[in-house]
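# Fold and contact review
Letter by letter, the chains look like this.
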Amino acid sequence: MVVRTFQSIPLSNLPEPSGNVLHQEPATTAYIENENLGTGTLYIAESKLQWTNSSSGLGFALEYPRITIHAISRDTNHFAEECIYLQVEREKSDEGDGAGGDIADEEDDDDDEGSMIEIQFNVSTGINRPNSYKQVENF
């Protein structure tokens, strides 16, 4: 069940990904549009990328086709630290989908269908960033 949606990214209680997990990175801070979502675990699986907050258990999963750009950003003028940078397609609003969940939209006033969302992952140990990126790069 979706607990809330942030910038069209649904946040919900997610189990660890099933299937082939290629890389797992604990102590990774996630940012959506520069908004800190906290620290959790980044999972890079064969079919998707998933992040889950260590404290709340809330997280999000992105199917690879939705990720349009991925890179390691070293531009500290744009973001304070080196990070894994993604641009993902904003999902179209699913009005009337009958899900019936408790969805509270935050900051979705600019619901431009087709626009991009920026997501950054700050891996706490910089040495692991290239490892994490290498796994994403293969898709």
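Source: prediction; values computed, not measured.

## Thoughts on the side chain of glutamine 7
Looking at the element boundaries, glutamine 7 is found in the loop between strand S1 (2–6) and strand S2 (9–13). Look at glutamine 7 and you get buried, because its relative accessible area is 6%. Separated by 3.5 Å, the side chains of glutamine 7 and arginine 90 make a polar contact.

## Some remarks on the nonpolar core
Formed by 21 residues in total, the largest nonpolar core has its most connected members in Leu49, Phe60, Leu62, Ile119 and Phe121. Contributions of two or more residues to this core are made by S2, strand S3 (21–32), strand S4 (35–45), strand S5 (48–53), strand S6 (58–63), strand S8 (83–89) and strand S10 (116–123). Of all the elements, S10 adds the most residues to this core, at 4 residues. Beyond its immediate stretch of four places on either side in the chain, phenylalanine 121 contacts Thr28, Thr29, Ala30, Leu42, Leu49, Trp51, Phe60, Cys83, Ile84 and Leu86.

## Some details on the pattern of salt bridges
For the structure on display, the rule yields 1 salt bridge. Between arginine 74 and glutamate 82 there is a salt bridge, with the nearest N and O atoms lying 3.2 Å from each other. Among the residues examined, arginine 74 registers a relative accessible area of 57% and is labelled exposed.

## Considering the pairing of S3
By the bridge criterion, 9 bridges tie S3 to S4 in an arrangement that is antiparallel. Residue pairing across strands places isoleucine 32 opposite glutamate 35, the latter belonging to S4. Remark: 2 residues form the turn of the hairpin made by S3 and S4, two consecutive strands paired antiparallel; glutamate 33 in that turn has positive phi of roughly 50°. In terms of strand pairing, S3 meets S10 through 5 bridges, oriented antiparallel. Bridge assignment links isoleucine 32 to a residue of S10, and that residue is isoleucine 119.

Conventions adopted
Residues numbered from 1 in each chain as written. Predicted model: local features only at pLDDT ≥ 70, side-chain atom pairs only at ≥ 80, totals over all residues. Heavy atoms only, no water. Helix = DSSP H or I, 4+ residues; strand = E, 2+ residues; numbered from the N terminus. Buried < 20%, exposed > 50% of the residue type's maximum accessible area, 1.4 Å probe, protein only. Polar contact = N/O pair within 3.5 Å; in protein donor to acceptor, adjacent residues only side chain to side chain. Core = buried A, V, L, I, M, F, W, Y, C linked by side-chain atoms within 4.5 Å. Contact = heavy atoms within 4.5 Å. Salt bridge = Lys/Arg side-chain N within 4 Å of Asp/Glu carboxyl O. Pairing = 2+ DSSP bridges.

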